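Now for the letters of each chain:
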Amino acid sequence: MPAGEDVTMTMQAVVMQDGALALSRGPIPTPGRGEVLVKTLACGICGSDIHCVAHGPKLIESARAVAGIELYDPTRPVVLGHEFCAEIVDHGVGTRKAQAVGTRVVSAPFLLRDYPITLGFGGFETPGGFAEYMLLTEDLVIPVPDDVPSDMATLAEPLSVALHAVNRGRLDRDDVPIVIGCGPIGLAVIAVLKMRGIGPIVAADFSPTRRRMAERLGADVVVDPRETSPYDSWRAVAAAADPSRVGRQTPMFPGHAFRQAVIFECVGVPGVIQQVLAGAPPCSKVVVAGLCMEQDHFYPTYGILKEIDLAFCIAYSPQEFAESLAGIVSGKLDVGALITGHVGLDGVPDAFDRLRDPEQDVKVVITV
């Protein structure tokens, strides 16, 4: 800290710069019009945070090519973190003060300014949840009930991603889902499917720890794909004797008497989409939720001949975020098992290393 700096006006944060993480100190941000200053209580470490550190330039290049935006500057300090629960400590000008100082809140990670800002990709002026303090748009904050722990409240954000993926699949109660990959998003997809009463749920992962977690969160059939095909397992539970429950048909596959398959690709590794297209039953829906940071390829003929619907997804709507929090509050989304560790700000670099090993942790939450 420079000589003469007033520590009471600064805060600690974990910053990412040039692909490395370090504990640093910077100024506490000032809320703009319609914004509140909050003290971070808890923040989950997301797979996309890990991607930013490991594959930042590729993520920046993709955002530039697809959306024409500069997601962040990798040469400047960036404060990650978009899965947070925080406490209001001050109101900016133009706020309604709808939530009193001391209220615990969650929010979709956006600042609604003239040029909207995605939290978790800015510096100390608009930091993410890897900092002691943050700015939030008052109109987006949702209060957290007293009986919901702060670390549990952080799960509203990743569950919103899963809820959006399930919504993209447009499932009904006769559909039989297959979840490929039981990392945090795959596990959250399982929890959302279970909440909605859709099943049986087939799940596949190479990791014994992740397979056990999938069972705990509600998967009905869990397989190691090295030993058992998830698609063979799907056929064993999706056969439909009642013609009214049979899924969409195509003349190329006559007599395919099975319920509709909806497959969630939650791995994000090159080659997996092709594996899914090769194994998927005809007329399946495939929802790609895995964030692949490499160039990939697949054979369109596999999808064409089987008439497979292929959908990609990311993020969620404000309504989906609110629904996810409501599911946590009501207990319908019983997802506490997802949290397998807690660290302080000084433990974040080690937590990133642990999260790269699927046998160690699923979700680590930073407590500030």
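Scroll up to find the structure.
Residues numbered from 1 in each chain as written. Predicted model: local features only at pLDDT ≥ 70, side-chain atom pairs only at ≥ 80, totals over all residues. Heavy atoms only, no water.

A. Quick look at the overall build of the chain. Across its full length, the chain carries 10 helices and 17 strands. Dimensions along the principal axes, computed over C-alpha positions, put the chain at roughly 80 × 40 × 40 Å. Looking at the 368 residues of the chain, the share that counts as buried comes to 53%. For the chain, contacts bridging at least 24 residues in sequence account for 69% of all contacts bridging at least 6. Surface exposure of the chain reaches about 16300 Å², of which carbon and sulfur atoms provide 55%. A gap of 5 Å separates the mean positions of the 30 positive and 44 negative side-chain charges of the chain. (Helix = DSSP H or I, 4+ residues; strand = E, 2+ residues; numbered from the N terminus. Buried < 20%, exposed > 50% of the residue type's maximum accessible area, 1.4 Å probe, protein only. Contact = heavy atoms within 4.5 Å. Areas by Shrake-Rupley, 256 points an atom, 1.4 Å probe, with all protein chains shown as cover. Lys, Arg positive; Asp, Glu negative; His and termini not counted. Charge placed at Lys NZ, Arg CZ, Asp CG, Glu CD.)

B. Structural view of the packing of helix α3 (residues 156–169) against helix α9 (residues 318–330). Their axes nearest at 8 Å, the elements α3 and α9 cross at an angle of 115 degrees. Taken as a pair, α3 and α9 cross one another with a handedness that is right-handed. Where α3 abuts α9, its residues Ala156, Glu157, Leu159, Ser160, Leu163, His164 and Asn167 lie against Glu320, Phe321, Glu323, Ser324, Leu325 and Ile328. Across the contact of α3 with α9, the residue classes tally to six nonpolar, four polar and three charged. (Axes fitted to C-alpha atoms, helices over the stretch in contact; angles between N-to-C directions. Left-handed = near helix turned anticlockwise from the far one by under 90°. Nonpolar A, V, L, I, M, F, W, Y, C, P; charged D, E, K, R; others polar.)

C. Representation of the pairing of strand β2 (residues 20–27) in the model. Here strand β1 (residues 10–17) pairs with β2 via eight bridges, running antiparallel. Residue pairing for β2: alanine 13 is matched across the bridge by serine 24. As consecutive antiparallel partners, β1 and β2 are separated by two residues, and within that stretch aspartate 18 has a phi angle of approximately 55 degrees, a positive value. (Pairing = 2+ DSSP bridges.)

D. Quick look at helix α6 (residues 230–238). The complete set of buried residues in α6 reads Pro230, Tyr231, Ser233, Trp234 and Ala238. Along the axis of α6, the buried residues cluster in a sector spanning 155 degrees; they form a single face. At its buried positions, α6 is contacted by β10 (176–180), β11 (202–204), β12 (221–223), β13 (261–265) and α7 (272–279). Regarding α6, its N-cap is serine 229, as a side-chain oxygen of that residue lies 3.1 Å from the backbone nitrogen of tyrosine 231 further along. (Arc of directions from axis to C-beta. Polar contact = N/O pair within 3.5 Å; in protein donor to acceptor, adjacent residues only side chain to side chain.)

E. Just the sheet that holds strand β14 (residues 285–288), in detail. Read across the open sheet, the six strands follow the order β12-β11-β10-β13-β14-β15; overall the sheet is parallel. Only two strands of the sheet have a single partner each, and these edge strands are β12 and β15 (309–312). For this sheet, the mean angle separating the axes of adjacent strands, direction not counted, is 15 degrees. The pairing of β10 with β13 spans five bridges and is parallel. Bridging across to β13, valine 176 finds its partner in alanine 261. Those strands touched by α6 are β10, β11, β12 and β13, and its axis lies near 160 degrees from that of β10. Across the sheet, α7 lies against β10, β13, β14 and β15, angled at about 165 degrees from β13, the strand it touches most.

F. Spotlight on the packing of α3 against helix α4 (residues 184–195). Two numbers describe how α3 lies on α4: the axes approach to 8 Å, and their chain directions differ by 65 degrees. Comparing the axis directions of α3 and α4 gives the class roughly perpendicular. The hand of the α3/α4 crossing is right-handed. From α3, Pro158, Leu159, Val161, Ala162, Leu163, Ala165 and Val166 reach across to α4, where they touch Ile185, Ala188, Val189, Val192 and Leu193. Looking at side-chain class alone, the contact of α3 with α4 contains 12 nonpolar, no polar and no charged residues. (Parallel < 35°, antiparallel > 145°, perpendicular 65-115°, else oblique.)

G. Spatial organisation of the pattern of salt bridges. Counted under the stated rule, the structure contains 15 salt bridges. Two residues, glutamate 307 and arginine 248, come together in a salt bridge whose shortest N-O distance is 2.9 Å. Residue glutamate 307 is found in the loop between α8 (300–306) and β15, and its partner arginine 248 is found in the loop between α6 and β13; the two are separated by 59 residues along the sequence. With relative accessibility at 38%, the residue glutamate 307 sits in the partly exposed group. With relative accessibility at 35%, the residue arginine 248 sits in the partly exposed group. A single salt-bridge network, built from bridges that share partners, covers Arg211, Asp224 and Arg226. (Salt bridge = Lys/Arg side-chain N within 4 Å of Asp/Glu carboxyl O.)

H. How the structure looks around the pairing of strand β8 (residues 133–137). Counted residue by residue, β8 has four buried out of five residues, so it is predominantly covered. Here strand β3 (residues 35–44) pairs with β8 via five bridges, running antiparallel. The partner of valine 38 across the bridge, within β8, is methionine 134.

I. Local environment of the nonpolar core. Counting residues in each nonpolar core, the largest one holds 52 residues, and the members touching the most others are Val179, Leu187, Val189, Ile190, Leu193, Phe264 and Val335. Breaking this core down by element, the ones donating at least two residues are β3, α2 (150–153), α3, α4, α5 (208–217), β13 and α9. Not counting chain neighbours up to four residues away, the residues in contact with phenylalanine 264 comprise Ala165, Val166, Leu171, Pro177, Ile178, Val179, Ile180, Val189, Leu193 and Val287. In this structure, Ile45, Val78, Ile88 and Leu345 belong to the second largest nonpolar core, which totals 43 residues. (Core = buried A, V, L, I, M, F, W, Y, C linked by side-chain atoms within 4.5 Å.)

J. Fine view of the side chain of threonine 154. By the element assignment, threonine 154 lies in the loop between α2 and α3. Residue classification places threonine 154 among the buried residues on the basis of a relative accessible area of 1%. What threonine 154 contacts, discounting residues up to four positions off in sequence, is Ala42, Cys43, Gly44, Glu83, Phe84, Cys85 and Val365.

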